[in-house]
Structures are given as structure tokens and as C-alpha cells.
Amino acid sequence: MAATTARPTVARRRRHIAVIPCRWGASRFPGKPLALLGGMPLLWHVHQRCLEAKRLDGAIVAADDERIEAACRELGIDYIRTGEHLTGTDRVAEVAERLPADGYINVQGDEPFIAPGAIDAISEALEHLPPGTLAVNAYTELVDIAAALDNNVIKVVVAAQGDALMFSRHPIPYPKGERPKYARQLGLYGFAGHSLQRFRQLRQGPLERAEGVEMLRFIEHGHAVRMVPVTDDGVAVDTPDDLARASILLAQYAEA
């Protein structure tokens, strides 16, 4: 995983940019964006993966805390301080109001191994959205049954035409008949600016409030979310135990 340098923020309108929402007060892992992985903060690793993508015109952290701001300044990472929001996508929507671009790729700040190719796939899909589709969302096959049962892992059911039918922290579909194939939603979304404005106008529905999955907001209000299959075998860091697993994986990459 090669190191790169941050690109400077400029005022020109950009095609597609990555926005990394970073929240200090995560309930399961407070201070997670600055947790050290291989001697560098978690958000730094995510930012590097964004800069390695070929289709983006930059990457910026959406920070909600002065400690995250300070870390970004020290590391030379572009950032925007945002207000308090219900979800990371609401935070990205605020960035979109202040930073002009044709498309915004929401890359979760706890995905240090997100594949740059997956980011590019979302960027490309964003340019070919069917009418009525307001977002694209990456997903990958889930073969580990333990992960299928983990409520930190968001599962998705995808319709034949490629749109999301349902997201859940529970293993869906239920295996009453033959054993189903499970799919994991990655924290990797793509939006046009008007889609983000629409997202902020919509109220949270009962499914989103129950599951804590923000893409359900579009689905509950009748808007399509196009799912994009990608290759990704990284570790999402939701808990300190995940960080320990990510440290082992990083060491394996270093030895390869």
C-alpha cells in the first residue's frame, strides 16, 4: 500500500471527489478516526486509498471535532469542519453545499483497506445512473457465515435489475429453503449534488431508525439505490477488536 501525498484544495469545480466523514464520538469506538494502525491514524489510511483511485479529483475529510481537524492539518489532509448530523451522508451533503463537484463518493472513515478500484467503480457507475436512481452503493459477496451473523456487517438483498431491495444488520434473506447467498454493503456510496440535497430533505423512516442504515432513507421514500458489485477483502474497523485484526492484515501486506 504505497504512501502518497495529499492534493491541495482549490476553488475550481471538480468532477468527482471523495468525502470521508469522520466522527469522534462513535458509540462503539470513541476517537476511532485517530486510532493508530501501523503507526498512522485510521483516517490517514482511508485517505491514501482515495488518492490511489484513478478517477477522483481529490479527497477531503468531513470532520466534526477539533482533534480530527488538528490531525488533518498535521498530516496535510484537506478537511472541512461540519456541524452535527444524523449520518455520515448528511455530513457529506453539507460538504457538497460548500465544495462544488459533479459527484461525491462517500468513503467511510473506518475502511482502511478499501480497494481504490472499488472507489473507481462507484465513480464510473455514478456517470451512468438510470432515471430515478439517486445513489450507487458498492457491495461484495459475503462467504464468512460469522460475518453474516455479525450485526456490525450490513447485509443487502439486490434485485435482478441491480437495485437494493433491503438492507439489514440481520442475515437476509432468511434460509428457510435453500441456503441463500449473502452480500455485504460496503461503506462506499456515490451521489450527485442534487441527490444529497434530496437526502437531507427526507425524514428518517422507521426502517432507517431501527436498523441504523442510512441508505434505507432513499428506499423507504421510493427512490432507487443502484448496487455495484466490487472486489474487496479488507476489514472494516467498527470495534477495537476489528482494529487488532486490521493490524494483523496490515502486517501481512507489508510482508507480501
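Residues numbered from 1 in each chain as written. Predicted model: local features only at pLDDT ≥ 70, side-chain atom pairs only at ≥ 80, totals over all residues. Heavy atoms only, no water.

## Some thoughts on the pattern of salt bridges
Consideration 1: For the structure on display, the rule yields 15 salt bridges.
Consideration 2: With a closest N to O distance of 3.0 Å, R55 and E127 form a salt bridge. With a gap of 72 residues between them, R55 in the loop between α1 (42-52) and β4 (59-63) and E127 in the loop between α4 (116-126) and β7 (133-142) connect regions that are remote in the sequence.
Consideration 3: Across the salt bridge formed by R81 and E66, the nearest N and O atoms sit 3.8 Å from each other. Taken together, the positions of R81 in strand β5 (residues 79-81) and E66 in helix α2 (residues 66-75) put the pair 15 residues apart, joining distant regions of the chain.
Consideration 4: Look at R81 and you get partly exposed, because its relative accessible area is 33%. (Salt bridge = Lys/Arg side-chain N within 4 Å of Asp/Glu carboxyl O. Helix = DSSP H or I, 4+ residues; strand = E, 2+ residues; numbered from the N terminus. Buried < 20%, exposed > 50% of the residue type's maximum accessible area, 1.4 Å probe, protein only.)

## With respect to the confidence of the model for the chain
Consideration 1: Of all residues in the chain, 95% attain a pLDDT of 70 or more, and the chain-wide mean is 91.
Consideration 2: Per-residue pLDDT stays below 50 along residues 1-11; that stretch engages in 29 contacts with residues further than four places along the chain or on separate chains. (pLDDT = per-residue confidence, 0-100. Contact = heavy atoms within 4.5 Å.)

## Brief notes about the pairing of β7
Consideration 1: Most of β7 sits inside the fold, with nine of its 10 residues counted as buried.
Consideration 2: Note that β7 and strand β11 (residues 224-229) share six bridges and pair parallel. Within the sheet, the bridge partner assigned to T133 lies in β11 and is A224.
Consideration 3: Here six bridges tie β7 to strand β10 (residues 182-191), and the two strands are oriented antiparallel to one another. Bridge pairing in β10 links T140 to R184. (Pairing = 2+ DSSP bridges.)

## Description of unusual backbone geometry
Consideration 1: Here the amide bond leading from I172 into P173 is cis, since omega sits at 0°, within 30 degrees of zero.
Consideration 2: Structurally, the position occupied by P173 is in the loop between β9 (164-168) and β10.

## What about the packing of aromatic side chains?
Consideration 1: One pass over the full model with this rule turns up four aromatic pairs.
Consideration 2: A ring pair is formed by F191 and F218, whose centres lie 6.4 Å apart and whose planes are at 50°; its orientation type is tilted. With a gap of 27 residues between them, F191 in strand β10 and F218 in helix α8 (residues 216-220) connect regions that are remote in the sequence. Like F218, F191 is buried. (Phe/Tyr/Trp six-rings, centres within 6.5 Å; stacked < 30°, edge-to-face > 60°.)

## Comments concerning the side chain of D110
Consideration 1: Along the chain, D110 falls in the loop between β6 (101-107) and α4.
Consideration 2: Side chain to side chain, D110 and K32 meet in a polar contact 3.1 Å long.
Consideration 3: Excluding its chain neighbours within four sequence positions, the residues that come into contact with D110 are K32, L42, V46, V235, A236, V237 and D238. (Polar contact = N/O pair within 3.5 Å; in protein donor to acceptor, adjacent residues only side chain to side chain.)

## Re the packing of helix α3 (residues 88-98) against helix α6 (residues 193-201)
Consideration 1: Contact geometry for α3 and α6: axes closest at 9 Å, N-to-C directions at 130°. With respect to each other, α3 and α6 are oriented oblique. Crossing geometry of α3 relative to α6 is assigned as left-handed. Taking contact as the criterion, the partners of T89, D90, V92, A93, E94, A96 and E97 in α3 are, on α6, L196, F199 and R200.
Consideration 2: The class makeup of the residues in the contact of α3 with α6 is five nonpolar, one polar and four charged. (Axes fitted to C-alpha atoms, helices over the stretch in contact; angles between N-to-C directions. Parallel < 35°, antiparallel > 145°, perpendicular 65-115°, else oblique. Left-handed = near helix turned anticlockwise from the far one by under 90°. Nonpolar A, V, L, I, M, F, W, Y, C, P; charged D, E, K, R; others polar.)

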